[in-house]
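# Fold and geometry: a report
The lines below spell out each chain.
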Amino acid sequence: MSPKSLEPWQLRARFAAELSRMYGAEVPAYTTLVDVASEVNRDHAASASDAERFGSLERVTAERHGAIRVGSASELADVADLFAAFGMYPVGFYDLREAASPVPVVSTAFRPTDSDELARNPFRVFTSMLATADERFFPTDLRDRVEQFVGRRQLFDPALIAEARRIATGGGVDRDRGERFVADAVTAFALSRSPIDRGWYEELSRVSAVAADIAGVTTTHINHLTPRVLDIDELYRRMTARGITMIDAIQGPPRVDGPPVLLRQTSFRALAEPRRFREQDGTVAEGTLRVRFGEVEARGVALTPKGRECYDAAMAAPDPAAAWDQHFPGSDEELAASGLAYYRGGDPSKPIVYEDFLPASAAGIFRSNLDTDARADNTAGGFDYSMQWLADRIDRPIHDPYELYEKAAQ
Ligand code: OOG
Ligand code: NI
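Residues numbered from 1 in each chain as written. Chains lettered and ligands numbered in written order. Predicted model: local features only at pLDDT ≥ 70, side-chain atom pairs only at ≥ 80, totals over all residues. Heavy atoms only, no water.

Before going further, it helps to examine the packing of helix H4 (residues 73-84) against helix H7 (residues 158-170). Contact geometry for H4 and H7: axes closest at 7 Å, N-to-C directions at 45 degrees. By the angle class used here, H4 and H7 are oblique. As for the relative orientation of H4 and H7, their crossing is left-handed in sense. Contacts between H4 and H7 involve Asp78, Asp81, Leu82 and Ala84 from the former and Leu160, Ile161, Ala164, Arg165 and Ala168 from the latter. (Axes fitted to C-alpha atoms, helices over the stretch in contact; angles between N-to-C directions. Helix = DSSP H or I, 4+ residues; strand = E, 2+ residues; numbered from the N terminus. Parallel < 35°, antiparallel > 145°, perpendicular 65-115°, else oblique. Left-handed = near helix turned anticlockwise from the far one by under 90°. Contact = heavy atoms within 4.5 Å.)

Glancing now at the side chain of Glu273. Structurally, Glu273 is set in strand S10 (residues 273-278). Classification of Glu273 by relative accessible area gives buried; the value is 7%. Setting aside residues up to four positions removed in sequence, Glu273 forms contacts with Glu26, Val27, Leu191, Gly287, Thr288, Leu289 and Arg292. (Buried < 20%, exposed > 50% of the residue type's maximum accessible area, 1.4 Å probe, protein only.)

Attention shifts here to the environment of Asn41. Within the secondary structure layout, Asn41 lies in helix H2 (residues 28-47). Among the residues examined, Asn41 registers a relative accessible area of 2% and is labelled buried. Remark: the alpha-carbon pair of Asn41 and Asp347, spanning 306 residues in sequence, is separated by 25 Å. For Asn41, the contacting residues outside a window of four places in its chain are Leu57, Val60, Thr61, Arg228, Val229 and Leu230.

Octahedral metal centres with six donors ideally show angles of 90 or 180 degrees, and tetrahedral centres with four donors ideally show 109.5 degrees. Taken together, His65 (NE2), His224 (NE2) and Glu295 (OE) make up the protein donors of the nickel ion (ligand 2), found 2.1 to 2.2 Å from the metal. Mapping the donors of the nickel ion (ligand 2) onto the primary sequence gives the spacing H-x158-H-x70-E. One end of the pair, His65, is in strand S2 (residues 64-70); the other, His224, is in strand S8 (residues 224-227), with 159 residues separating them in the sequence. Here His65 falls in the buried class, since its relative accessible area comes to 1%. The class of His224 is buried, set by a relative accessible area of 6%. (Donors = N, O, S within 2.8 Å, 3.2 Å for Na, K, Ca; no water.)

Per the stated rule, a full pass over the model turns up three cavities of 30 Å³ or more. Of the pockets and cavities examined, the largest cavity occupies roughly 150 Å³. Elements supplying a minimum of two residues to the lining of the largest cavity: S2, strand S5 (124-130), strand S9 (263-269), strand S12 (293-299) and helix H15 (359-368). A breakdown of the residues in the lining of the largest cavity according to their chemical character gives ten nonpolar, six polar and two charged. Considered as a void within the structure, the second largest cavity measures approximately 90 Å³ in volume. (1 Å grid on protein atoms, 1.4 Å probe; cavity = no way out; pocket = protein on both sides within 12 Å on 5 of 7 lines; lining within 4 Å. Points joined across faces, edges and corners; volume = space filled by probe spheres on them. Nonpolar A, V, L, I, M, F, W, Y, C, P; charged D, E, K, R; others polar.)

Moving on: the site of ligand 1. Neighbouring residues of ligand 1: His65, Ala67, Arg69, Phe126, Asn223, His224, Gln265, Phe293, Glu295, Phe357, Ala362 and Phe366. At a separation of 3.0 Å, an oxygen atom of ligand 1 approaches a polar side-chain atom of His65. Here ligand 1 loses 100% of its free accessible area of 320 Å² to cover by the protein chains. According to the grid-proximity analysis, the pocket containing ligand 1 is the largest cavity. Only S2, S12 and H15 provide two or more residues apiece to the shell around ligand 1. In terms of residues, the shell around ligand 1 owes the most to one element, S2, which gives three residues. (Near = heavy atom within 4 Å. Polar contact = N/O pair within 3.5 Å; in protein donor to acceptor, adjacent residues only side chain to side chain. Areas by Shrake-Rupley, 256 points an atom, 1.4 Å probe, with all protein chains shown as cover. Sits in = over half its atoms within 2 Å of the grid points.)

Quick look at the packing of aromatic side chains now. By the definition in use, this model includes 21 aromatic pairs. Measuring from centroid to centroid gives 6.4 Å for Tyr94 and Phe357, while their planes differ by 85 degrees, and the two rings are edge-to-face. One end of the pair, Tyr94, is in strand S3 (residues 89-95); the other, Phe357, is in the loop between helix H14 (332-337) and H15, with 263 residues separating them in the sequence. Pair check on accessibility: Tyr94 and Phe357 agree, each one buried. Seen from their ring centres, Tyr354 and Tyr405 are 5.9 Å apart, and the 25 degrees between their planes marks the pair as stacked. With Tyr354 in the loop between H14 and H15 and Tyr405 in helix H17 (residues 401-409), this residue pair connects regions lying 51 residues apart in the sequence. Assessed through its relative accessible area of 6%, Tyr354 is described here as buried. (Phe/Tyr/Trp six-rings, centres within 6.5 Å; stacked < 30°, edge-to-face > 60°.)

Any link to function would need more than the numbers given here.
Now the structure itself:
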């Protein structure tokens, strides 16, 4: 490739940075969050000797995850083509219908899969698809209308997807075309000003606020963008001190004295944003919707399947923090020796960072930012979505996260 061209990782780094700029302009509290996260990271790096154990300060400061939501498998297939140009591939399967407060979506995460690529820029996007085939949420008549509505819209310009395919195949692109491609990809996730059909949006809201956000509009948007922080408890305190009300709890593992594992997250509700509505009489009126939010996360070591069982057992206790020591040893040496967590070459000083998501936390994050839970008819039949079902529909393998950690550990 010529020195003037951009490789997928460079496109990915620009994509993350430009999405961040756009989201900051759209959601001002996000900018505060990023500032506070950077401060906490700087302070933590200055005071802790092993601050870069889970990635360089440079990686962590640039690190973001985003979340988007789509309405059908064919829209998800377009997303997969688009993200492949950035070296981001589907990893893992999350069924949020199984959560304590169910959300009618199934999800995967698009991210780099190799250690080198993750070190260059680990941008990941949690991507949810509306589970329209699940009759507990969508009786046949509603399902048909949702599928027709989604089938008629076009989230991505076919030219953008065609360009993405060319870039993925070529392994890069020249600078001018690459910059245009990134700009067009970012625009595809901007909040739209086109009028929303109020009656349709409200009908879907009665089933689920997430269903309305996904299928009540003709576009998609970035739902949140999440910076990574090295000390999430400190971040929580500083945000609260600035007068931003965070959700009650940090999701995921409790704060522990031993090595941090997996992923801890917290969020706050963004303000209502101006949107336009088409009323029943055809007139267009200004209104607002409150669907987006801010989130921040701290990442720890990836657990093996055996470690994950210990985690699930600890979290099932009435007080997970108090029960933690019964399930987890207190040092990296012991975690490595007992095969509970992944370390590069088995060396306890080289933890492999958890790059994925947690279904219970994801459902908790969804829920804490909604006014109402989904309405389900539990006498109706569900639908057996699975990782393989999704992979077949998007015509791509979905990676098993454990296989990727296993490979990184070797
Ligand atoms: C996704 C919620 C899940 C996370 O970090 O667990 C998520 C969404 O709101 O679309 O982003
Ligand atoms: Ni998130």
